[in-house]
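Observations on the three-dimensional arrangement
Single-letter residue listing:
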Amino acid sequence: MAVAETQLYAKVSNKNRRKSTSVLIESLLAKGFPAHIAQKALAATGQKTIEDAAKWLHSHCNDPSLDDPIPQEYALYLCPTGLLHNHLQEFWKESKRQCGRNRAHEIFPHITLCDFFTCEDQKVELLYDTLKRVGDSFSRCFPSSISLSLHSSTSYLGFFVDDSHANILKEFALAFSSEASALADCHVKPCLKQLHLTLAHKFYPHHQKTLEQLAKCINPRETCQWVAALYSRDMRFVHYQTLKALFQYKPQNIDELMINAGDFIYVNPTQQSNVSEGWVIGTSHRTGCRGFLPENYTERADESDTWVKHREYVFVTAPRLFTQTENEPNVRPNGEVRNPSVSQSVTNVLSLQNATLRRGVLVMRHGERVDQVFGKSWLQQCLAADGKYYRADLNFPSTLPKRKDSVKHFEYDPPLSCCGIFQSRLIGEALLEQAVPVSCVYSSPALRCLQTAQHVLQGLKLDQKVKIRVEPGLFEWTKWEASTAVPNFMTLTELAEASYRIDTSYRGHFPLASLVPSESYEEYISRSSAVIKQITTACPSKGRGVILIVGHGSSLASFTRPLIGLPARDSSDFAQVVRKIPSLGMCFCEEIKEENKWQMVNPPVKTLTHGANAAFNWRNGIVED
């Protein structure tokens, strides 16, 4: 883009092309909305259009806080655009894929100029005027490019702004804060400490080297136009977790929340301890209403997904003049600029890292168990007067495996439901589609885990090639067992006679007799750490085979954290994490043998999500009133 064209674009962008607040307010008042609610709607939607504000008001008609005089919080950020922004977004994506989420992923790439402050709804337009005036006064002295230098520590990775340019940015922030504080009667505090653009924050120390390698692919001197942008957020939900609805959910009870696909939900982690398993209680960003919703209908969202951009000021810089050659960046159809050389650099880093990966450990929770659907008394529901088993519902298994002792032992060692069997086979088929090379399978002695392993192997078409190793040390924390004793599991002989592909020659690292009822949390963690170490040592380290471990919800935390070098969670935090793990939830760890460590990465297949299906009696409501 030529210099003259860039300047013209900036002038158009910096000109307030939207209707003034007074015109918008008058239009909403004419529709019958009270003044304070109209101003609240405009502030919540960035004072852009009457249509946006009216839509917000319609959605929030049942919002219990609609009349509350709670202002928005505002922040002034300096954001990169163009090539640098694209490369930062590429880093965001790859760092999340390889190392999981860290605190930096919650917000888009930016340099903080003024941290969050409150401003009354009717005075927000004064902030827009201030941004325009101060931007104009600094446009000539704003640096054509901002010098950035990479800084790394065990919990932080990012670019520091060099002092000469940082001083100009701090002066700009100070000028904005001084004028905004005076005109809008609010307390705006400029950021006067070390200015920085965060790449990763509060990550695990063993991910530092990987993150640094990815960060070195970013050229901080890349073409960039900087934009000072004013954002707002709802101050009531600052410390909440943000979820995004994947599907529509229509309430079945009065205390449940109506959600549409794409809705954002604010969830307070401290209020979930008394909520039923599989549910959360949250507040809808779209409607302001609060209620219960199924957790598996949602996924984790970024904090900034619910923020609103109000106004921005584009700083005019003099870009280099060039004619495109085969070595220059390409422009995508959507307007994003892509630099093939940087993308290739990232690809090279990934290839280098992938070349060092040797083995994988896939830890999986069992499928849906019958007592999860029909309650602890499920066995009484399907035992006839003569003690024989019959199928009282199609989700009960068609038969129960034969065992020499009493059938009542299934009460504390329940099988999978028919849906659980289907889930397990579906996961196996998905692993087959992704060509996941499962070479060893270990299972808890619990029947539900053994059945899950069997049907996963059937889906993988490996049930005739790979046998299941029954490892008593994989059983869940015995304190959580309803019985005062460890369940009476089926013997290896009984399992083999029931056509389960059991490796009868395998001798567990942790004998069944060593399981004690009501073990302490420390004993369980110690057992889990020892077992996962013994399993990874026993399985061949050559090739890229995957060790499949089928256990319980607790297994995903208790076996993977010691494997990747993390300490155990506090017992109360551990319980909160485990209760949210669904049937067939999974974690995947890969070995980097050259560095003698394991790292957790995304599982090779997607999660399995489905809704509940209640029992139905055709008489109720169809024939009888």
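The structure reproduced in this document is the subject of the present report. Everything quoted here is computed from the prediction, not taken from an experiment.

With that settled, consider the overall build of the protein. If you tally the helices and strands in the protein, you get 18 helices and 20 strands. Going through the 625 residues of the protein one by one, you find that 49% of them count as buried. Looking at the protein alone, contacts between residues at least 24 apart form 77% of all its contacts between residues at least 6 apart. Working note: accessible area of the protein is about 30,700 Å², and carbon and sulfur atoms make up 52% of it.

Our next topic: a nonpolar patch on the surface. Side chains of Phe-616, Trp-618 and Ile-622 sit close together on the surface and give an oily, nonpolar patch of about 410 Å² of accessible area. On the secondary structure map, Trp-618 appears in the segment after β20 (597-601).

A word on the packing of helix α6 (residues 124-138) against helix α7 (residues 163-184). Geometrically, a packed helix pair is captured by the angle between its two axes and the distance between the axes. Two elements in contact, α6 and α7, have axes whose closest approach is 9 Å; the angle formed by their N-to-C orientations is 145°. Helix-helix and strand crossings are classified by hand; for α6 and α7 the assignment is right-handed. Side by side, α6 and α7 meet where Leu-126, Leu-127, Thr-130, Leu-131, Arg-133, Val-134, Gly-135 and Phe-138 of the first sit next to Ile-168, Glu-171, Phe-172, Ala-175, Phe-176, Glu-179, Ala-180, Leu-183 and Ala-184 of the second. The residue inventory of the contact of α6 with α7, partitioned by class, reads twelve nonpolar, two polar and three charged.

A few words on the sheet that holds strand β10 (residues 290-294). The five strands lie next to each other as β10-β9-β8-β7-β11, forming an open sheet whose pairing is antiparallel. What marks the edges here is a single partner per strand, and that holds for β10 and β11 (298-300). Neighbour to neighbour, the strand axes of the sheet diverge by 45° on average, direction disregarded. Summarising the sheet, strand β8 (residues 264-267) and strand β9 (residues 279-284) pair through three bridges and their orientation is antiparallel. Across the sheet, the residue bridging to Tyr-266 is Thr-283, located in β9.

The phi torsion at Ser-518 lies on the positive side, around 55°, for a residue other than glycine. Relative to the elements of secondary structure, Ser-518 occurs in the loop between α14 (492-497) and α15 (521-538). Here Ser-518 falls in the exposed class, since its relative accessible area comes to 53%. Not every positive phi belongs to a glycine, and Asn-596 is a case in point at roughly 55°. Tracing the chain through its elements places Asn-596 in the loop between β19 (586-592) and β20. Look at Asn-596 and you get exposed, because its relative accessible area is 73%.

Another aspect to go through is the side chain of Ser-555. Tracing the chain through its elements places Ser-555 in helix α16 (residues 555-558). Residues contacting Ser-555, with those up to four places away along its chain left out, are Val-363, Leu-474, Tyr-524 and Thr-560.

Looking now at the environment of Phe-475. Within the fold, Phe-475 resides in the loop between β17 (468-470) and α14. We classify Phe-475 as buried; its relative accessible area is 1%. When sequence neighbours within four positions are dropped, the list of residues in contact with Phe-475 reads Ser-444, Pro-445, Ala-446, Arg-448, Glu-481, Pro-487, Phe-489, Leu-515, Tyr-524, Arg-527 and His-552.

Among the ten residues that make up helix α3 (residues 35-44), seven are buried, leaving the element largely enclosed by the rest of the structure. Taken residue by residue, α3 has Ile-37, Ala-38, Lys-40, Ala-41, Leu-42, Ala-43 and Ala-44 as its buried positions. Taken from the residues just after α3, Gly-46 is the one with a positive phi, measuring 85°.

The subject of this paragraph is the pattern of salt bridges. Counted according to the given criterion, the structure contains 22 salt bridges. The salt bridge partner of Asp-136 is Lys-132, with a shortest N-O separation of 2.6 Å. Placement of the pair is Asp-136 and Lys-132 together in helix α6, with a separation of four residues, close to one helical turn. Taking relative accessible area as the criterion, Lys-132 reaches 32% and is therefore assigned partly exposed. Arg-236 is the partner of Asp-234 in a salt bridge, and the nearest nitrogen-oxygen pair spans 2.8 Å. The exposure class assigned to Asp-234 is buried, which follows from its relative accessible area of 19%.

Another point: the packing of α3 against helix α4 (residues 50-59). It is the contact of α3 with α4, at a shortest axis distance of 9 Å, that shows an interaxial angle of 110°. The angle between the axes of α3 and α4 places the two elements in the roughly perpendicular class. At the point where α3 passes α4, the crossing takes the right-handed sense. Across from Ile-37, Lys-40, Ala-41, Leu-42 and Ala-44 in α3, the residues of α4 making contact are Ala-53, Trp-56 and Leu-57. Its residues assigned to classes, the contact of α3 with α4 comprises seven nonpolar, no polar and one charged.

Turning our attention to the environment of His-196. Examined against the element boundaries, His-196 turns out to sit in strand β5 (residues 196-201). Once the C-alpha coordinates of His-196 and His-110 are considered, the two residues, 86 residues apart in sequence, prove to be 8.2 Å apart. Those residues within four positions of His-196 in sequence are excluded, and the remaining contacts are His-110, Ile-111, Thr-112, Tyr-156, Phe-159, Phe-160 and Val-161.

On to the nonpolar core. If you look at the biggest cluster of nonpolar residues, it comprises 51 residues, and the most contacted ones within it are Leu-78, Phe-91, Leu-127, Phe-172, Phe-176, Leu-199 and Trp-226. Here the element with the most residues in this core is α7; it accounts for seven residues. Those residues in contact with Phe-91, other than ones at most four positions away along the chain, are Leu-157, Leu-199, Leu-211, Leu-214, Ala-215 and Ile-218.

So, how was this worked out
Residues numbered from 1 in each chain as written. Predicted model: local features only at pLDDT ≥ 70, side-chain atom pairs only at ≥ 80, totals over all residues. Heavy atoms only, no water. Helix = DSSP H or I, 4+ residues; strand = E, 2+ residues; numbered from the N terminus. Buried < 20%, exposed > 50% of the residue type's maximum accessible area, 1.4 Å probe, protein only. Contact = heavy atoms within 4.5 Å. Areas by Shrake-Rupley, 256 points an atom, 1.4 Å probe, with all protein chains shown as cover. Patch = residues over 30% accessible without salt bridge, like charges linked within 9 Å, V, L, I, M, F, W, Y side chains within 5 Å. Salt bridge = Lys/Arg side-chain N within 4 Å of Asp/Glu carboxyl O. Axes fitted to C-alpha atoms, helices over the stretch in contact; angles between N-to-C directions. Left-handed = near helix turned anticlockwise from the far one by under 90°. Nonpolar A, V, L, I, M, F, W, Y, C, P; charged D, E, K, R; others polar. Pairing = 2+ DSSP bridges. Parallel < 35°, antiparallel > 145°, perpendicular 65-115°, else oblique. Core = buried A, V, L, I, M, F, W, Y, C linked by side-chain atoms within 4.5 Å.

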